[in-house]
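Structure assessment
Take a look at the letters that make up each chain.
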Amino acid sequence: MSSNPLFQPFTLGTLDLPTRVVMAPMTRTFCPGGVPHDGVVEYYRRRAAAGVGLIITEGTTVGHKAANGYPNVPRFYGEDALAGWKRVVEAVHAEGGRIVPQLWHVGSVRRLGTEPDASVPGHGPSGKDKDGKVVVHGMSHDDIREVIAAFAQAARDAQAIGMDGVEIHGAHGYLIDQFFWEASNRRDDEYGGDLAGRSRFAIELIQAVRAAVGPDFPIIFRFSQWKQQDYNARLVQTPQALAAFLKPLSEAGVDIFHCSTRRFWEPEFDGSELNLAGWTRQLTGKPTITVGSVGLDGEFLQFMVDTDKVAKPASLEGLLRRLQAEEFDLVAVGRALLVDAQWAQKVREGREADVLPFSREALTTLA
């Protein structure tokens, strides 16, 4: 199967991947106290052993008091959590894989009562009060500097424990993404206004991460047009607007763009079959990761509505054709890899029919 483009190597600077298969970041909430344990080590090791070239970890919170929004999410700060992640890195490397942490701050979606400090409200570009209580703290300039510093420190720590790069989570309605949107960013200072102003926070954050890790440590930036709060949303409507949005992020230090879509086969703009990753690669000249219902015949949202639904293996023919044509460089696989650690090996051996089906029940275990 050496002709299968999924299993061709990929090299970018110091990032040397044995295959083009990427494990997409998927929140699992199996880390009590925020510390990766033996089960987490094995979860990632098994997938590297079966041929995943690059693992992007589940979202890991940076060291800021309001970064976390959910119970049992792993931290990427503190000696205990970093020691746990170092064990994950060593296990993945022993199997020939590469791994990067997804660095995450949930922003305003954090709710009062969330660990580690239940009294801390969500932080966002703009504040919100409800029933006389602050439910979202509008970030001051000092808050912005603190969050940027937390991301930079997390990147330093990733480099120190042997990670192969970092992914910055700038998608899906979380903090960085909240700054991009006019509806959630009502600031009238340099971090608000038009999209260029609303992008300033992300640009400064990427610049700080780049300064922290030096010129050769890979930085991946994940972004999306759609939001968890609105699946039909579009941050930009044209290729020209997308180019204007991406150029400053690219210049700030992004090496690879991870272009989050719900269905990888859907065109991003009228008049072209290119998806978001295809347009991003063409406009920036940077490598891109495509993602969205790869390998399965149903998308994730359906399983939140119809809990009895089962997704079966789907043809990869169209995906492989587009990868071969260099529309994008890497392919992130989510639920298919979550339920079946052997997915990459089965695909490589032409055993797609043996891939395990996905149902919501798979989310309850760390298999």
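Throughout what follows, the structure given in this document is the object of discussion. Predicted model, so just to flag it, every value in this text is computed and none were measured.

Moving on: the nonpolar core. The biggest cluster of nonpolar side chains holds 95 residues, and the ones touching the most others in it are Phe 201, Phe 221, Phe 245 and Trp 343. In this structure Phe 245 touches Phe 180, Leu 195, Ser 199, Phe 223, Leu 235 and Val 236, once residues within four positions along its chain are discounted. Core analysis: the next-biggest nonpolar cluster, separate from the first, contains 14 residues, Ala 24, Leu 54, Val 291 and Leu 330 among them.

Moving on, we come to the packing of helix 7 (residues 239–252) against helix 8 (residues 276–284). The geometry of helix 7 relative to helix 8 is characterised by a closest axis approach of 10 Å and an angle of 65° between their N-to-C directions. The crossing of helix 7 and helix 8 is right-handed. On helix 8, the residues touching Pro 239, Leu 242, Ala 243 and Leu 246 of helix 7 are Leu 276, Trp 279, Thr 280, Leu 283 and Thr 284. Of the residues in the contact of helix 7 with helix 8, the class split is 7 nonpolar, 2 polar and no charged.

Here we take up helix 1 (residues 38–49). Residues that lie three or four places apart on an α-helix share one face, since the helix turns once every 3.6 residues. Relative to the 16 Å expected for 12 residues at 1.5 Å per residue, helix 1 spans 16 Å between its end C-alpha atoms, a close match to the ideal helical length. Here helix 1 has its buried residues at Val 40, Val 41, Tyr 43, Tyr 44, Arg 47 and Ala 48. When helix 1 is viewed along its axis, its buried side chains cluster within an angular range of 160° and face the same direction. Buried-residue contacts for helix 1 involve strand 3 (21–23), strand 4 (54–61), helix 2 (79–94) and helix 11 (335–339). Gly 51, located one to two residues past helix 1, shows a positive phi value of around 110°.

Over the atoms, a rolled probe matching the size of one water molecule traces out where space is still vacant. A complete count under the given rule lists 1 cavity of 30 Å³ or more for this structure. Size it by volume and the largest cavity reaches roughly 40 Å³. As for the largest cavity, its lining consists of Gly 295, Pro 313, Ala 314, Leu 316, Trp 343, Val 347, Glu 352 and Val 355.

As a further point, take helix 3 (residues 141–160). The end-to-end C-alpha distance of helix 3, which contains 20 residues, comes to 29 Å, matching closely the 28 Å that a straight helix rising 1.5 Å per residue would cover. Buried within helix 3 are the following residues: Asp 143, Ile 144, Val 147, Ile 148, Ala 150, Phe 151, Ala 152, Ala 154, Ala 155, Asp 157 and Ala 158. Among the residues trailing helix 3, Gly 162 stands out with phi positive, at a value near 95°.

Before going further, it helps to examine the sheet that holds strand 8 (residues 133–138). The strands that make up a sheet are held in pairs by hydrogen bonds between backbone atoms, and each pair lies either parallel or antiparallel. Strand order across the open sheet formed by 3 strands is 6-8-7, with mixed pairing between neighbours. Each end of this open sheet is capped by a strand with a single partner; those strands are strand 6 (122–124) and strand 7 (128–130). Sheet twist, expressed as the mean angle between neighbouring strand axes with direction ignored, is 25°.

This next bit is on the environment of Ala 183. On the secondary structure map, Ala 183 appears in the loop between helix 4 (175–180) and helix 5 (195–198). Residue classification places Ala 183 among the exposed residues on the basis of a relative accessible area of 67%. Taking C-alpha positions, Ala 183 is 34 Å from Thr 364, a pair spaced 181 residues apart along the chain.

This part is about the pairing of strand 14 (residues 330–333). Every second residue of strand 14 is oriented toward a common face, with Leu 330 and Ala 332 on one face and Val 331 and Val 333 on the other, all of them buried. The sheet contact formed by strand 3 and strand 14 spans 3 bridges and is parallel. Residue pairing in the sheet places Met 23 in a bridge with Val 333 of strand 14. Pairing analysis gives 3 bridges linking strand 12 (residues 288–291) to strand 14, with the strands arranged parallel. Counted as the bridge partner of Ile 289 is Leu 330 from strand 14.

Parameters at a glance
- Residues numbered from 1 in each chain as written.
- Predicted model: local features only at pLDDT ≥ 70, side-chain atom pairs only at ≥ 80, totals over all residues.
- Heavy atoms only, no water.
- Core = buried A, V, L, I, M, F, W, Y, C linked by side-chain atoms within 4.5 Å.
- Buried < 20%, exposed > 50% of the residue type's maximum accessible area, 1.4 Å probe, protein only.
- Contact = heavy atoms within 4.5 Å.
- Axes fitted to C-alpha atoms, helices over the stretch in contact; angles between N-to-C directions.
- Helix = DSSP H or I, 4+ residues; strand = E, 2+ residues; numbered from the N terminus.
- Left-handed = near helix turned anticlockwise from the far one by under 90°.
- Nonpolar A, V, L, I, M, F, W, Y, C, P; charged D, E, K, R; others polar.
- Expected span 1.5 Å × (residues − 1).
- Arc of directions from axis to C-beta.
- 1 Å grid on protein atoms, 1.4 Å probe; cavity = no way out; pocket = protein on both sides within 12 Å on 5 of 7 lines; lining within 4 Å.
- Points joined across faces, edges and corners; volume = space filled by probe spheres on them.
- Pairing = 2+ DSSP bridges.

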